[in-house]
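# Coordinates in review
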Amino acid sequence: MDETYIRVGGTWCYLYRAITAGGQTLDFYLSPKRSVAAAKRFLAKTLRSNTTAGSPRVINTDKAPALAKAISDLKAEGICPQTVEHRQVKYLNNVIEGDHGRLKRILGPKGAFKNRISAYRTLKGMEAMHSLRKGQGTMFAYGHPNPDAVIVSRIFETA
């Protein structure tokens, strides 16, 4: 789990992302603030949306204090299992840092959007295509004859 920053409407916003040890994307969240509340919202969303994969054994983060506080708060609330180990080691999240690099390369040197709605929609599409490139279609539609079509339809459905 890690965050990176992108420019939205002339201000910096934070893009929280979570991936597995194998590089499979779990979830992302765009927030105007880098705070405990934003980290907690993202982590709770990620844990809820990935119930089929089971709870994580370990969560690796950088040394951002907001992430540590969010994880301990979620453990106290019972959303995150007590057995989950939180490791704050600078180099353990190199996999996600490389994943951020691919995203930043696509966004270009400006890395800017006009508003948060267009940023979220664009990032949602980019994450969907990135997941397909990683071969994650079967994770979303096991046993379906065309799992890639299922992931695209789930990502782009209107809600």
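Here, residues in each chain are numbered from 1, in the same order as that chain's written sequence. pLDDT decides what is reported in this predicted model: residues at 70 or higher carry local features, side-chain atom pairs at 80 or more are listed and counted, and totals for whole chains, interfaces and linings draw on all residues regardless. Water and hydrogen atoms were dropped before computing side-chain values, which therefore reflect all heavy atoms in the structure.

### Points about the packing of aromatic side chains
Note on ring pairs: Phe, Tyr and Trp rings are taken, using the six-membered ring of Trp, and paired if centres are within 6.5 Å. Classes follow the plane angle, with under 30 degrees stacked, over 60 edge-to-face and the rest tilted. One pass over the structure, following the stated rule, counts five aromatic pairs. A centroid spacing of 6.5 Å and a plane angle of 25 degrees characterise the contact between Y29 and F42, whose relative ring orientation is stacked. Highlighted residues: Y29 in strand 3 (residues 25-31) and F42 in helix 1 (residues 36-49), separated in sequence by 13 residues. Classification of residues uses two cut-offs on accessible area relative to the type maximum, computed with a 1.4 Å probe and protein chains only: under 20% is buried, over 50% is exposed, and between them is partly exposed. Overall, the relative accessible area of 0% leaves F42 in the buried class. Here, a charge over a ring means that NZ of Lys or CZ of Arg falls within 6 Å of the ring centre while also lying within 35 degrees of the ring normal. In this structure, K45 is placed above the aromatic ring of F28, and the distance from its NZ or CZ to the ring centre is 5.8 Å. Comment: elements are numbered from the N terminus, with helices defined as DSSP H or I runs of at least four residues and strands as E runs of at least two.

### Thoughts on the pattern of salt bridges
Take a side-chain nitrogen of Lys or Arg and a carboxyl oxygen of Asp or Glu: if they are within 4 Å of each other, that pair is a salt bridge. As enumerated under the stated definition, the model contains four salt bridges in all. For the salt bridge of E3 with R34, the shortest nitrogen-to-oxygen distance reads 2.8 Å. Here R34 lies in the loop between strand 3 and helix 1 and E3 lies in strand 1 (residues 2-8), a separation of 31 residues in the sequence. A relative accessible area of 10% places E3 in the buried class. Using a relative accessible area of 44% as the deciding quantity, one classes R34 as partly exposed. Its salt-bridge partner being D73, residue K69 comes within 3.0 Å of it at the nearest N-O pair. Of this pair, K69 and D73 both sit in helix 2 (residues 65-77), four residues apart, roughly one helical turn. Here K69 falls in the partly exposed class, since its relative accessible area comes to 43%. Among the residues examined, D73 registers a relative accessible area of 19% and is labelled buried.

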